[in-house]
Amino acid sequence: MSGRDFVLVTLAGQEFGIPVAQVRDVLRRQKITPVPLSHPAVAGLLNLRGRIVTAVDLRRRLGLPPRDAAREPAEIVVEQGGDLYALIVDAVGDVVGVTQESLEPVPAMLDPLWRAVAEAVYPAERGLVVLIDIARLLDLAPTLRAAS
Amino acid sequence: MDELLRDFIAETTEHLTVLDRDLVAIEQSPEDRGLIGDAFRTVHSIKGTCGFLGLKRLETLLHAAETLLGKIRDGVLPAGPAIGMLLGACDRAKTIVTALASEGHEPDGADGDIVARLELSARAGTAMPGAEAPRAPEPATGGPAASEPATPPLGAAGSIRVNLDTIDRLMAEVSELVLTRNQLMQMLRDRTDGEAMLALQRLSHVTSDLQESVMQTRMQPIGQAWAKLPRMMRDLGRELGKKIELKLEGSETELDRQVLELIKDPFTHLIRNAADHGIETPAERRRAGKTEAGTVTLAARQEGSAIVITLADDGHGIDARQIRASLRRGDFATEAELRAMSEQQLQQFVFHPGFTTAAQVTSVSGRGVGLDVVRSNVEKLGGTVELASTPGRGTRFTIKIPLTLAIVPALLLDCVGQRFAIPQTAVAELIRAGADHPIEWIHDAPVLRLRGNLLPLVALRDVLGFGTPAGERETLIAVLGYGMQRFGVMIDDVDDAEEIVVKSLSPLLRGIKLFAGSTILGDGSVVLILDPGALAAAVGTVESVEPPRAAPPLRHNAVPRSGGWLLFRAGADTPKALPLAAILRIEEVAPRQIEWIESQPVMLYRGATLPLHSFGILDHAPGKQCVVVVEQSGKTGGFLVDEIIDTVDETPVLDRTLARPGVLGVAMMGGRMTEILDIADGAAAGKGDAKSSRSAA
């Protein structure tokens, strides 16, 4: 695990890292079919070249305030367990290479919602980047339990 | 593993299954020379390849079986006594082939026991050549073994073996192609560009043909799934000490292999069930004046885009009395409910999960074990199971399943601006509610009267959690059938019919029972597919047989079968009915005579306080009212009435799905849908008042 690449995405000014190994595509302006009765973080379903992709709004998933309606979001498609998911973020940025030694453990005082999905923290020059564990990000059951 | 060996294993597995079936058939008709010839040739052919591949153990075993079969074929030995031994050899061969498949070589071990017995029997034949065993009038289909060429392997006659994964992948790709074609057609619908349209049309035709051809490759005769049944039935019969004949009809009927795979287990289950619990012992059958051997008939036929499979036995059928007794014991239904149920309704309980797993119920007939699983498996395929049973005569299961699962015709429904797909097999009809078919309300539950039946309704927007209530009286209703259930789903509009490819939902959404999957439409948009079973559950009719938690007073009350009923109106529009037998008298009462004890309206009656059931009438400045005074078990109570309609002498057929505290259920009386009130609730009046006043407002 020495040296992995992460795509940087922005959410409400905070930078997060998505493992490049799982990224399949970056989209914009997709027509999304809402799914009634689903978890609040699920934005709906979209058609990516004949494959059905489940879209998850990361602001809602991470307990951040809703996006300014005028701002157009971006979608980054990741694969997890053979299924495709589109993560809705504010913006998609560069790719950074991260070595195991440069990582910091997840701080204990981090928001529990974030801590549950964070793999580690990477201190970039501009600020701290929260590296996301996709499997944990898409495991919405614990959050449901916490909510109830 | 070596390609040659892999082919051999696949082929031999099939051959041994066929051999199994033939041997059982020979046992039943030992004079069938053709069958014996077939069995001989099958064994000979496998043995030949064994020698070629150097599979010594299998070769020795099959050689012994072949020798014995040869004697039978030549009429030297009778078939009957040898079959058990030959089946044993067949089983051993299967074990060896299974090990061969997993390990790549023959497993260690010896078959001396079986081989010795086979050889001994065969020698017994030579010891008395030409004994009484009748000689075949003409030689069996082939010549003697030595000169006979082995049956050509399946691959020789213009066919090849293709991995199933390859075909599945091909099917998935063709499905995508069909969708893309649909999408293209939609995009170019309004174009008048002649040449492009011509090309598109050609593409469209080729795509349809291709789809059909690929689908054809996935089709298999249902007989393949049935191949193991004769053997199973034979063993079951021996084990249970019963004589059972298995008849297979329509085994050439073709079915998508995926569907075939999915119905295999449910059918095995049903057949075991029929043998175990349907067919009686020979002694019982003699006593009942039947033939000693019971018959189980499995028949398949195609009906449009569905396959209908029936499984019938001529056993003792399902005894309604026994079901009643076990329901009573199992606390599934009240006396009143039991009395109101028809035989047919009672029989349906065998599909109820709780019913079948209850230990004390299995001892009654055992006839229900796991039938809930059978039904849910079939319904998962978009199919239906129906049951008809005549006590003493037998039971018949009718199973209807779609030909293929890959592409299903669906109806697109509109609800609050969003489209949803529903499999067309589930939709019986579409009805516009309005003047001709008004939606009526019983308490908070909407119903539709349809050809004399009450159709419970559910609003799709409620089920989907859209919340906005359907206030308007005019709405479109999709009448759905799910198992024995019929119900209506209120929708905004019907959009279109389209063929769809069902795609499963991601794990994130799998918890939502309402959706069976999603699909991409011709216009590229994604829609969710509604699960008819989940909708049925939302209506509440599916679990209507559960203990009536909502209406505890029910338990102590029976619906009088006849003896006259008083029909009246109170509060809401729906007429209400009370049994005349329970009515003491009808009193006229002025508003000032009614008093309140906390939230309970009461009146003075013969020097005592009479609690009143007011149906919310008292909320709207009433004038003079009638009070129906009833008595039960020494307690009296009153029902406030707006208007007496009539008295009728009818036996109500009670629909309990709309029961609630104070109301036993709903029935057609005097030509109108009527609520049958619970007399006992008169004494404990006021319980349901808050609710009934809301619905009356």
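Residues numbered from 1 in each chain as written. Chains lettered and ligands numbered in written order. Predicted model: local features only at pLDDT ≥ 70, side-chain atom pairs only at ≥ 80, totals over all residues.

Let us look at the overall build of chain A. For chain A, the count of helices and strands is four helices and 10 strands. Starting at the N terminus and ending at the C terminus, chain A contains elements arranged as β-β-β-β-β-α-β-β-β-α-β-β-α-α. Residues classed as buried in chain A amount to 33% of the 148 residues present. Sequence separation of 24 or more characterises 53% of the internal contacts of chain A that already satisfy a separation of 6 or more. (Helix = DSSP H or I, 4+ residues; strand = E, 2+ residues; numbered from the N terminus. Buried ≥ 20, exposed ≤ 12 C-beta atoms within 10 Å, placed from the backbone. Contact = placed C-beta atoms within 7 Å.)

Residues and elements named next belong to chain B. A sheet is described by the order of its strands in space; here six strands give the open sequence β21-β25-β26-β24-β23-β22, paired in mixed fashion. Edge positions in the sheet fall to β21 (583-589) and β22 (594-597), since each has one partner strand and no second. Adjacent strand axes in the sheet meet at a mean angle of 40°, parallel and antiparallel pairs treated alike. Direction of pairing for β21 relative to strand β25 (residues 625-632): antiparallel, over a ladder of six bridges. Paired with Glu-588 across the two strands is Cys-626, which belongs to β25. (Pairing = 2+ DSSP bridges. Axes fitted to C-alpha atoms, helices over the stretch in contact; angles between N-to-C directions.)

Moving on to the packing of helix α9 (residues 229-240) of chain B against helix α10 (residues 257-278) of chain B. Residues and elements named next belong to chain B. Orientation of α9 relative to α10, taken along the N-to-C sense of each, is 25°, at an axis distance of 10 Å. It follows from the interaxial angle that α9 and α10 lie roughly parallel. In the packing of α9 onto α10, the handedness of the crossing is right-handed. Between α9 and α10, the residues in contact are Leu-229, Met-233, Leu-236, Gly-237 and Leu-240 and Ile-271, Arg-272, Ala-275 and Asp-276, respectively. Each residue belonging to the contact of α9 with α10 can be placed in one class, and the counts come to six nonpolar, one polar and two charged. (Parallel < 35°, antiparallel > 145°, perpendicular 65-115°, else oblique. Left-handed = near helix turned anticlockwise from the far one by under 90°. Nonpolar A, V, L, I, M, F, W, Y, C, P; charged D, E, K, R; others polar.)

It is worth spelling out the environment of Val526(B) at this point. The residue Val526(B) is located in strand β18 (residues 526-530) in this model. Val526(B) gets classed as buried once you count the C-beta atoms within 10 Å, which come to 21. Between the C-alpha atoms of Val526(B) and Phe420(B), which are 106 residues apart in sequence, the distance is 9.3 Å. Those residues in contact with Val526(B), other than ones at most four positions away along the chain, are Thr33(A), Leu45(A), Leu46(A), Asn47(A), Ile52(A), Ser518(B) and Ile520(B).

Counting residues in each nonpolar core, the largest one holds 163 residues, and the members touching the most others are Val56(A), Leu87(A) and Leu530(B). Looking at this core, the element that brings in the most residues is α10(B), giving eight residues. Not counting residues up to four positions away in its chain, the partners in contact with Leu530(B) are Phe420(B), Ala421(B), Ile422(B), Leu514(B), Phe515(B), Ala516(B) and Leu535(B). Counting 33 residues, the second-largest nonpolar core is a separate cluster that includes Phe40(B), Ala64(B), Ile114(B) and Leu118(B). (Core = buried A, V, L, I, M, F, W, Y, C linked by C-beta atoms within 7 Å.)

A word on the sheet that holds strand β20 (residues 572-579) of chain B. Residues and elements named next belong to chain B. In space, the five strands of this open sheet follow the order β27-β19-β20-β29-β28, with mixed pairing throughout. In the strand order of this sheet, the two ends are held by β27 (643-648) and β28 (663-669), each with one partner. If you compare each strand with its neighbour and ignore which way they point, the axes differ by 35° on average. Relative to strand β29 (residues 672-677), β20 runs parallel, the two sharing two bridges. Bridging across to β29, Lys-576 finds its partner in Glu-675.

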